[in-house]
Structures are given as structure tokens and as C-alpha cells.
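# Topology and contacts: notes
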Amino acid sequence: MKSIAILGSTGSIGTQALDVCRNLKIPVVALAAGRNIELLEKQAREFKPKFVAVADEKSAKLLSTALEDTDISVLAGETGVLITATTDCDVVLNAVTGIAGLKPTIAAIKAGHDVALANKETLVAGGKRVMDLAAENGVRIIPVDSEHSAIFQCLQAKGDYGRIKKLILTASGGPFFGKSASELENVLPAEALSHPTWNMGKKVTIDSATMVNKGLEIIEAAHLFGVSQNNIEVVVHRESIVHSLVEFTDNSVLAQLGVPDMRTPIQYALTNPERCESAVEELDLAKICTLHFYKQDDEAFPATALARYALSLGKTATAAFNAADEIVVPAFLDGRIKFTDIPKIIEKTVNMPLPNGDSFEEVFETDFEARKFAASLCR
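The paragraphs below set out a description of the structure included in this document. The residue numbering used here restarts from 1 in each chain and proceeds along that chain's sequence as written. With pLDDT at 70 or above as the cut-off, local features in this predicted model cover only qualifying residues; side-chain atom pairs require 80 or more to be listed or tallied, and sums for whole chains, interfaces and linings still use all residues. Note: side-chain values were computed over all heavy atoms of the structure, leaving out hydrogens and water.

### Topic: the overall build of the protein chain
Going along the chain from the N terminus, every DSSP run of H or I of four or more residues is numbered as a helix, and every run of E of two or more is numbered as a strand. Summing up its helical and strand segments, the protein chain has 16 helices and 12 strands in all. For the protein chain, whose C-alpha radius of gyration is 20 Å, the value lies close to the compact-globule estimate of 21 Å for 379 residues. For the protein chain, the C-alpha atoms occupy an extent of roughly 60 × 50 × 40 Å along the three principal directions. The burial tally for the protein chain puts 55% of its 379 residues in the buried class. Throughout, radius of gyration means the C-alpha value; the globule benchmark is 2.2 Å times the number of residues raised to the power 0.38. Buried residues are those whose accessible area, probed at 1.4 Å on protein chains only, stays under 20% of the maximum for their type, while exposed residues exceed 50% and partly exposed ones sit between those limits.

Okay, here's the thing in C-alpha cells:
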């Protein structure tokens with residue numbers, strides 16, 4: 001059984017990953033989290049990793065005191081997270097939120113670890129350079145997002161990436177499916193946080209409501225699977241049973257179905273190509289009866305078109321897209337901007353002057369400058 005390090009262990013993906021580890025008895029060698037030291041202590045005591053890392057020195061001191069009766073080493077800050085990403089293990093599951101997940105991914109790859117990637121910003125910002133680095137080091141980037149996992153599973157079943165005609169990403173449509181642009185003008189944060197299907201953190205839930213999440217997934221899929229954005233389609237599927245599809249050159253379509261439970265893609269990322277018994281509920285198609293699919297409304301939800309535009313610009317435009325989103329979501333939740341301001345500010349940020357290249361240094365430079373620019377528009 002593979003050993004694992006989990007970055008972002010106290011978040012939604014991290015806690016569900018530990019459910020999988022508990023069920024399959026997967027050894028956990030390292031954990032990293034933010035400042036939820038109470039939960040992290042419980043996780044550390046149960047799974048007994050060699051290392052745990054937290055966001056800052058203050059939290060590390062508190063956790064170190066709490067765990068002083070154990071042999072677990074407590075680390076702090078970015079350095080601590082990078083140590084957990086490079087510790088001896090078979091796979092690193094990166095569930096860190098935002099651009100903060102990019103450096104640990106790079107570190108894990110350089111250490112020769114496969115990366116189970118739930119941090120979509122790694123590929124949105126780092127793009128082809130991350131995939132090239134993985135190839136140079138002979139490691140795999142294994143998708144954890146339900147949509148990309150579905151595509152990954154379909155492609156494994158078909159066994160021929162060269163015959164792809166189209167990737168079809170499904171979207172739940174979020175809480176505002178069917179609303180017009182004018183109806184979205186004055187929606188409240190509480191309404192945007194009411195997702196109809198998935199139980200996720202606030203950032204991802206708002207991204208789902210704006211369809212920014214699907215824009216990020218288009219960018220991620222283009223890099224993960226080496227497919228042009230012109231060959232990536234988005235359809236709204238309210239039931240969230242079909243997690244994504246692949247159409248091949250003969251017009252046959254393969255799909256991956258299952259109940260909406262993130263433990264399924266997490267488990268497959270850790271066990272593939274093998275499939276193991278799961279605690280996830282079995283899919284009952286007769287009970288569901290019907291599945292519905294709708295065309296996406298780009299007028300009411302322009303974020304996916306913006307993501308495609310950022311991809312077409314090249315350089316570090318997708319890093320600017322992501323950086324702006326990380327600023328505007330909390331600004332909306334704090335009531336400083338309207339829901340409909342989110343794509344407007346992202347668009348302005350993507351069009352700001354960008355570095356000429358796309359090196360990792362330029363990605364981080366873009367991230368810094370784009371955050372400042374977007375923040376100036378949120379006052």
C-alpha cells in the first residue's frame with residue numbers, strides 16, 4: 001500500500017482523504033495544515049505521521065506543546081510545508097488552497113514523488129512548466145478534482161490519448177443556474193454559498209457560483225491532458241452524477257458516473273490503476289431515473305470565456321486570472337464588491353501588463369502584482 005503525505009489535511013479534501021486512508025489503512029507519513037491545530041492534533045494522534053506542519057511559528061508552538069508526549073516533529077511556515085512535501089513517501093496529495101500550493105508541488109516533483117493534485121492553481125498558474133518538470137523527474141500528476149479524475153479514468157479505459165476529439169467537463173451550475181445577468185446583480189454571499197450538490201469550502205463554493213471554478217478547470221484540463229481549449233466543452237449537469245466525459249474521433253463518448261462524493265476521485269488517485277472497496281454509496285440509476293444536460297450561459301456567467309481568453313494570451317495571464325480570483329472572492333464575502341463585479345475585476349487584471357516569459361519566477365511576480373491590482377479595484 002502506498003504511503004502518503006497530505007498537504008491541507010484539515011480542509012474538505014484533506015479530511016476526506018484521511019477517510020480514505022482510514023478505510024484502506026494507507027500509511028500517512030506527513031500532514032500539513034493552516035491554523036486549525038485542534039483538528040490537526042486529532043489527526044496526528046490517529047495517523048501518527050513523522051511530521052506535521054502548520055502555517056506559522058505561534059501555531060507550531062501550541063501544537064508542539066499539545067503533541068509533546070509523541071514522537072511527531074512539528075514544523076512551521078512555508079519551510080515546514082516544503083519538508084512535508086519532500087519527505088519519504090509514495091505520493092503527495094496537495095489539497096492546499098490557492099497559489100500557495102504551487103511551491104509544494106514543485107518541491108514534491110523534484111523529490112521524485114507522484115502528486116495527487118487537488119490544488120488546481122498549480123496548473124492554472126504553473127501550467128506547462130509543471131507538467132514538463134514532472135516529465136523530467138519521471139513522476140505523475142494525478143488529478144483529484146472529480147471532473148479531471150473522470151477524464152483520467154475514461155482515458156485509462158480507452159488507453160489512447162491520441163484519439164481524443166473533445167473533453168466534456170460537467171458543471172453543477174451552482175446555486176444560480178437559470179438566472180440572468182441582471183438577476184445576479186444583487187445576490188448575497190449567503191445565497192452564493194448555498195451549493196445544490198457539493199459540500200466544499202467557501203472559496204470553491206463561490207467559484208462554483210460564478211463558474212470561475214469551471215474556468216480554472218478548463219485551464220487545468222488543457223495542461224493535464226495536452227488538449228487545446230478549443231477541444232474542451234462545458235455542459236451543465238445538475239445532478240452531478242456524470243462527472244465528465246471524453247469524446248473520441250469516432251464520435252463514441254465515454255463517461256464516468258458516481259454519486260457526488262469526493263472520496264471516489266481521492267481514492268482512485270491513491271490506488272490507480274487498481275480499484276478497491278469503498279465506503280462511498282453505490283450509484284442507483286433506477287432511483288435517479290433521469291439525467292439532464294444544458295448548455296452553459298456565457299452571458300450570465302462569463303468566467304469560463306475569460307479563462308479561455310487568458311489561455312489564449314499565454315505568458316502568465318492564467319496566473320493573473322487566478323490571483324485576481326483569490327482577491328475578489330473574499331472581497332465579495334466581506335461585502336466590498338458585488339457578485340457581478342467578480343468577473344469584471346478578473347478581466348481587468350488579466351489585461352494588465354504581464355512579464356514577457358512564463359518562468360516560475362515570472363509566475364510568482366505576476367501573482368504578486370495581480371493581487372495588488374485586483375485589490376485596488378475592491379475598495
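We are not done yet, so read on.
### Section: the pairing of strand β3 (residues 51-54)
Pairing between two strands is assigned when DSSP locates at least 2 bridges connecting them. When strand β2 (residues 28-32) meets β3, the two strands line up parallel, connected through 3 bridges. Paired with A30 across the two strands is F51, which belongs to β3. Seen with the strands pointing away from the viewer, any crossover whose path from the first strand over the helix to the second strand runs clockwise is right-handed. Following the backbone out of β2, through helix α2 (residues 37-47) and into the adjacent parallel β3, one traces a crossover that is right-handed. Two elements, β3 and strand β4 (residues 73-76), share 4 bridges in a ladder whose sense is parallel. The residue of β4 that forms the bridge with V52 is V74. One crossover worth recording links β3 to the parallel β4 by way of helix α3 (residues 57-66), and it is right-handed.

### Things to note about the pattern of salt bridges
Salt bridges are counted wherever a side-chain nitrogen of Lys or Arg sits within 4 Å of a carboxyl oxygen of Asp or Glu. The final tally for this structure, using the stated rule, is 23 salt bridges. The partner of E247 in a salt bridge is K165, with the nearest N and O atoms 3.5 Å apart. In this pair, E247 sits in strand β10 (residues 242-248) while K165 sits in strand β8 (residues 164-171), placing the two residues 82 residues apart along the sequence. Two residues, K203 and D325, come together in a salt bridge whose shortest N-O distance is 2.8 Å. Placement of the pair is K203 in helix α9 (residues 202-210) and D325 in helix α14 (residues 317-333), with a sequence separation of 122 residues. Owing to a relative accessible area of 17%, K203 belongs among the buried residues under this scheme. Residues participating in the shared-partner salt-bridge network are K165, K166, E233 and E247.

### Some points on the packing of helix α13 (residues 303-313) against helix α15 (residues 341-350)
Only the stretch in contact is used when fitting a helix axis, every axis being a line fitted to C-alpha atoms; angles between N-to-C directions are given from 0 to 180 degrees. It is the contact of α13 with α15, at a shortest axis distance of 11 Å, that shows an interaxial angle of 5°. Our classification of the angle between α13 and α15 gives roughly parallel. For the pair formed by α13 and α15, the contact residues are L306, Y309, A310 and L313 on the first element and P343, I346, E347 and V350 on the second. Each residue receives one of three labels: charged for Asp, Glu, Lys and Arg, nonpolar for Ala, Val, Leu, Ile, Met, Phe, Trp, Tyr, Cys and Pro, and polar for the others, Gly being one of them. The class makeup of the residues in the contact of α13 with α15 is 7 nonpolar, no polar and 1 charged. An angle below 35 degrees is read as roughly parallel, one above 145 as roughly antiparallel, one from 65 to 115 as roughly perpendicular, and any other as oblique. Whether two residues touch is decided by their heavy atoms; if any such pair falls within 4.5 Å, the residues are in contact.

### So, the side chain of D325
A relative accessible area of 0% places D325 in the buried class. Setting aside chain neighbours within four positions, we find D325 in contact with K203, D207, V212, P330, I342 and I346.

### A word on the sheet that holds strand β12 (residues 294-295)
Taken in spatial order, the 5 strands of this open sheet run β11-β10-β8-β9-β12, and their pairing is mixed. Two strands lie at the open edges of the sheet, namely β11 (253-257) and β12, each paired on one side alone. Here β10 runs beside β11; their pairing, made up of 5 bridges, is antiparallel. The residue of β11 that forms the bridge with S244 is Q256.

### A word on the side chain of H243
Mapped onto the secondary structure, H243 falls in strand β10. Residue classification places H243 among the buried positions, given a relative accessible area of 6%. By the criterion applied in these results, polar contacts are pairs of N or O atoms within 3.5 Å in which, for protein atoms, one can donate a hydrogen and the other can accept it, and in which residues neighboring in sequence qualify only through two side-chain atoms. A polar contact is formed between the side chain of H243 and the backbone oxygen of I241, at a distance of 3.4 Å.

### Details of the sheet that holds strand β1 (residues 4-7)
On the basis of which strands lie adjacent, the open sheet formed by 7 strands has the order β4-β3-β2-β1-β5-β6-β7 and parallel pairing. Lying at the two open borders of the sheet, with one neighbouring strand each, are β4 and β7 (141-143). On average, adjacent strands in this sheet sit at an angle of 20° to one another, irrespective of strand direction. Bridge count for β1 against strand β5 (residues 91-94) is 4 bridges, and the pairing is parallel. Opposite L7, over in β5, you have N94 as the bridge partner. Set on the sheet, helix α1 (residues 12-24) makes contact with β1, β2 and β5; between it and β1 the angle comes to about 160°. The strands touched by α2 within the sheet are β2 and β3, with β3 carrying the most contacts at an inclination of about 170°.

### Quick word on the environment of I346
When you line up the elements, I346 lands in helix α15. You can call I346 buried: its relative accessible area is 1%. Between the alpha carbons of I346 and V54 there is a distance of 30 Å; along the sequence they are 292 residues apart. Sequence-distant contacts of I346, defined by excluding residues within four places in its chain, comprise V212, L306, F321, A324, D325 and V328.

### Here's the deal with helix α11 (residues 263-271)
Along α11, 7 of the 9 residues are buried, which leaves the element largely enclosed by surrounding structure. Listed in full, the buried residues belonging to α11 are P265, I266, Q267, Y268, A269, L270 and T271.

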